[in-house]
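Observations on chain architecture
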Amino acid sequence: MSRNEDDKTAIERISQLRREIERHNYLYYVLANPEISDRQYDALYEELQTLEQQYPHLVTPDSPTMRVGGEPLSDFKNVKHTMPMLSLSNTYVREELLDFDARIQRLLPGKIISYIVEPKIDGVAVSLRYEKQLLVTGSTRGDGKTGDDITGNIRTIRSIPLRFRSDSDLQAPEIIEVRGEVYMPKKGFVELNQERRKKGSELFANPRNAAAGSLKLLDPGLVARRPLDAVFYSVGELEGLNLATHEELLETLKTFGFKTVPRYWKCGNINEALDALEHLRDMRQDFPFEIDGGVIKVNERTFYPTLGATAKSHRWAVAYKYEPEHAETTLRDITIQVGRTGVLTPVAELDPVPLEGSVISRATLHNADEIKRKDIRIGDRVIIQKAGQVIPAVIEVNKSARTGNEKIFSMPPSCPVCGGPITQSEKEVALRCENMQCPAQIKRWINHFASRGAMDIDGLGDALVEQLVASGLVTEPTDLYNLTKEQVMNLERMGEKSSENLINAINAGKHRDLWRIIFALGIRHVGARSAQVLEQHFKNIDSLMSADQETLETIPDIGPVVARSILDFFRSDRNQKLIKRLKESGLKMIAITIRENQNKLAGQIFVLTGTLSSLTREQAGERILALGGKVSDSVSTKTTYIVTGSEPGSKLAKARKLGIQVIDEEQFLKLTE
Ligand code: IVH
């Protein structure tokens, strides 16, 4: 086949594969109704990838293989919105919705109007610009006039069409800005946080933060791994298409291949709209994304110019926000949880009650002050709410339900776990168990130390930690390194093999990355990510330990609070001893990159002669020692290198005689880099 014919066949197959793959993307990601198995899909995808590798000149940006291809950016570019991205005016009060309707009636006397009610998705607003049916830019709202160019990140969201669906009968507009919301589905959010907990990364407070945080990542490769999705409900600039109603807008976007709001209600008047909003409230848990309210929009787009806008929002739409859901239940008891740092947290033990899709039986009471302030008593009927949509909290007491049998709670005088003394520092409301040997503290500490994101000690789970602490074998992390197989075998359910495996797993940790050790130490506010930054900057634990507040604060990602906490940690006598013992146990507290270099010059003997221009003799000596080499004053047959500066002495002549390798300053610097 000639090159041309060859290309022609490839072009045909490539475009056929792209159409097929995007059709399956649409069926899977937009309609949630796949026609083929994942394996069949992968086969199509791989065939396309191979062809595109063979014919790189045929690769186009709208190819499904190009969704994850973007390079990491150093910063986002700005995008000026051709039409401002306004917000919605919103209210929690039904009467204000009647005012909204009255104003519209006033501005459009005698006109027949209808409303559309749709869910208000709690995500991140985005605007996607399509020219000639191709996605050209994706941007955030920013200040409404200018946003961030997040095109690379947007492309990774599989339900977003890179090109309009070709089987739409409608004439596609020349230019259209499609606007909507990028969100993280509730299920994906829970899974992502579970994964992050295992890795020791900071958790996202709610799906919206997770979506916003993901879209802010500068590497589209990372964004592609976040479970993001998007729905669309509005347009900005529009050329070459007429959309008479909002309903038509939604239906048209759907035919172009967009996911639109999964449910909307067409209402003849404001009362129907209010009913629809109540209906929506009742079913708010049924959506795959979080909704924080409903939106009423005038359906007839022809009226929009007359209705106009304020500086912030259009007058043809209003959001009705739902208060977070509450539930009432009985508080049976208050128990105390002792944290890794000894903080005592009161926890409400509740009669199980459903709330926002899960059954709640415990809620945090934060601290003793909070209990006093809210006058929470054991036996009370309490109102609970999800804080940040995840952790439930008791927000108030239903005092009208009191019988007189409720019991006032007071914090225990001593630690409920070890009986040790508890104190309250001036700066904090929290009470702490002061006993460093408190089993509850030790257990949490060891659990953290051994966790996947920290030292990653395989096989050291909750139950085993419990046994090790209860038996007194382990009172701090260093003890792990002194355990013997025999000691472990004496514990219940531990055989010879499993004991041996545990010891091996513990010892394997001695060669872990420095950041894992830093994270494992359990310094307050220092998560895995900060630990990585610290390793990168300091390379060894000693430099980190001697850093002052100012130095710490210059490091990216380390703010004043984290810096303070690091200082406090290393200032403590107990922690200094801990580090010393960990070192003695054989933990390498140096970055692996440095460790590898450490013995680079082992066994090599250097002799210096003459004056070096960029280093003193002492500095040159330190460089050699740091890499495991030795410095000698006199030349012998054992000398590996003689380093010559300006005006070298008699040593050089001797070295030459003995055939020793002579290097100059430049070569020396390179060797000891
Ligand atoms: S319409 C007026 N519809 O809520 C045209 N916005 O609090 C633009 N939002 O900025 C907004 N769901 O990011 C519209 N169904 C929906 C929405 C929605 C969520 C967001 C949007 C807006 C914010 C205002």
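This text follows the structure it describes.
Notes on the structure follow. (Residues numbered from 1 in each chain as written. Predicted model: local features only at pLDDT ≥ 70, side-chain atom pairs only at ≥ 80, totals over all residues. Heavy atoms only, no water.)

**Digging into unusual backbone geometry**
Although it is not a glycine, His 525 sits at a positive phi angle of roughly 70°. Among the structural elements, His 525 can be located in the loop between helix 17 (514-520) and helix 18 (528-538). Positive phi is not limited to glycine here, since Glu 647 has a value of about 50°. Structurally, Glu 647 can be placed in the loop between strand 23 (641-644) and helix 25 (650-658). On the accessibility criterion, Glu 647 (73% relative accessible area) is exposed. (Helix = DSSP H or I, 4+ residues; strand = E, 2+ residues; numbered from the N terminus. Buried < 20%, exposed > 50% of the residue type's maximum accessible area, 1.4 Å probe, protein only.)

**Some thoughts on the layout of surface pockets**
Taking a probe equal in size to a water molecule and rolling it over the atoms shows the remaining empty space. In this model, the second largest pocket occupies a volume close to 1100 Å³. The biggest single contributor to the lining of the second largest pocket is helix 5 (residues 186-199), with six residues. Tallied by class, residues from the lining of the second largest pocket come to ten nonpolar, seven polar and twelve charged. (1 Å grid on protein atoms, 1.4 Å probe; cavity = no way out; pocket = protein on both sides within 12 Å on 5 of 7 lines; lining within 4 Å. Points joined across faces, edges and corners; volume = space filled by probe spheres on them. Nonpolar A, V, L, I, M, F, W, Y, C, P; charged D, E, K, R; others polar.)

**Considering the pairing of strand 14 (residues 358-364)**
Pairing of strand 13 (residues 343-355) with strand 14 involves six bridges; the strand directions are antiparallel. What sits directly across from Val 353, in strand 14, is Ile 360. With antiparallel pairing between neighbouring strands as the criterion, strand 13 and strand 14 make up a hairpin whose turn holds two residues, including Glu 356 at a positive phi of roughly 40°. (Pairing = 2+ DSSP bridges.)

**What about the site of the ligand?**
Glu 118, Lys 120, Arg 141, Glu 181 and Lys 297 are the nearest of the 15 residues found near the ligand. A distance of 3.0 Å is found between a nitrogen atom of the ligand and a backbone nitrogen or oxygen belonging to Ile 121. Contact distances for the ligand include 2.9 Å between a nitrogen atom and a side-chain N or O atom of Lys 297. Contact with the protein chains hides 91% of the accessible area of the ligand, taken as 520 Å² for the molecule alone. Those elements giving two or more residues to the shell around the ligand turn out to be strand 2 (87-91), strand 3 (115-121), strand 10 (291-298) and strand 11 (313-321). Residues of the shell around the ligand, tallied by class, amount to eight nonpolar, two polar and five charged. (Near = heavy atom within 4 Å. Polar contact = N/O pair within 3.5 Å; in protein donor to acceptor, adjacent residues only side chain to side chain. Areas by Shrake-Rupley, 256 points an atom, 1.4 Å probe, with all protein chains shown as cover.)

**Digging into helix 2 (residues 38-54)**
With 17 residues, helix 2 ought to run about 24 Å at 1.5 Å a step, and its terminal C-alpha atoms sit 24 Å apart, in line with that. Buried residues of helix 2: Tyr 41, Leu 44, Tyr 45, Leu 48, Leu 51 and Glu 52, and no others. Looking straight down helix 2, one finds that the buried residues subtend no more than 125° of arc, so they occupy a single side. Across from the buried face of helix 2, at angles greater than 90 degrees, the exposed residues are Arg 39, Gln 53 and Gln 54. (Expected span 1.5 Å × (residues − 1). Arc of directions from axis to C-beta.)

**Some details on the packing of aromatic side chains**
When we look at a pair of aromatic rings, we describe it by the centre distance and by the angle of the planes. Per the counting criterion, the structure on display carries 16 aromatic pairs. Ring geometry for Tyr 183 and Phe 289: centres 4.8 Å apart, planes at 70°, overall edge-to-face. Of the two residues, Tyr 183 is situated in strand 7 (residues 175-183) and Phe 289 in the loop between helix 9 (270-282) and strand 10; the sequence distance between them amounts to 106 residues. Each member of the pair, Tyr 183 together with Phe 289, is buried. Centre to centre, the rings of Phe 569 and Phe 570 are 5.3 Å apart; their planes meet at 85°, and the pair counts as edge-to-face. Overall, the relative accessible area of 10% leaves Phe 569 in the buried class. Linked through ring pairs, Tyr 130, Phe 164, Phe 232, Phe 256 and Phe 258 together constitute an aromatic cluster. The aromatic ring of Tyr 26 is capped on one face by Arg 165, whose charged end is 4.0 Å from the ring centroid. (Phe/Tyr/Trp six-rings, centres within 6.5 Å; stacked < 30°, edge-to-face > 60°. Lys NZ or Arg CZ within 6 Å of the ring centre and 35° of its normal.)

**Comments concerning the nonpolar core**
Counting residues in hydrophobic clusters, the biggest one holds 69 residues, and the most contacted among them are Tyr 115, Leu 128, Tyr 130, Ile 154, Phe 232, Phe 258 and Ile 296. Looking at this core element by element, the count peaks at six residues for helix 9. Contacts of Tyr 130, omitting those with residues within four sequence positions, involve Leu 135, Val 136, Ile 160, Pro 161, Leu 162, Phe 164, Glu 174, Ile 175, Ile 176, Val 178 and Phe 258. Among the nonpolar cores identified, the runner-up in size contains 55 residues, and Met 494, Ala 505, Leu 534 and Leu 587 belong to it. (Core = buried A, V, L, I, M, F, W, Y, C linked by side-chain atoms within 4.5 Å. Contact = heavy atoms within 4.5 Å.)

**Here's the deal with the sheet that holds strand 2**
With mixed pairing, five strands are arranged side by side in an open sheet as 2-11-10-3-9. Where the open sheet ends on each side, the last strands, each with one partner, are strand 2 and strand 9 (265-267). Geometrically, the sheet is characterised by an average inter-axis angle of 35° between neighbouring strands, direction not taken into account. Inspection of the sheet shows strand 3 paired to strand 9 by three bridges, in the antiparallel sense. In the strand pairing of strand 9, Val 117 is matched with Trp 265. Sitting on the sheet, helix 3 (residues 94-107) touches strand 2, strand 3, strand 10 and strand 11, and the angle it makes with strand 11 is about 160°. (Axes fitted to C-alpha atoms, helices over the stretch in contact; angles between N-to-C directions.)

**Examining the packing of helix 12 (residues 439-450) against helix 13 (residues 462-470)**
Relative to each other, helix 12 and helix 13 sit at 135°, their axes nearing to 10 Å. On the basis of the axis angle, helix 12 is oblique to helix 13. Here helix 12 and helix 13 pass one another in a crossing that is right-handed. Along its contact with helix 12, which presents Pro 439, Ile 442, Lys 443, Ile 446 and Asn 447, the element helix 13 presents Asp 462, Val 465, Glu 466 and Val 469. Tallied by class, the residues present in the contact of helix 12 with helix 13 amount to five nonpolar, one polar and three charged. (Parallel < 35°, antiparallel > 145°, perpendicular 65-115°, else oblique. Left-handed = near helix turned anticlockwise from the far one by under 90°.)

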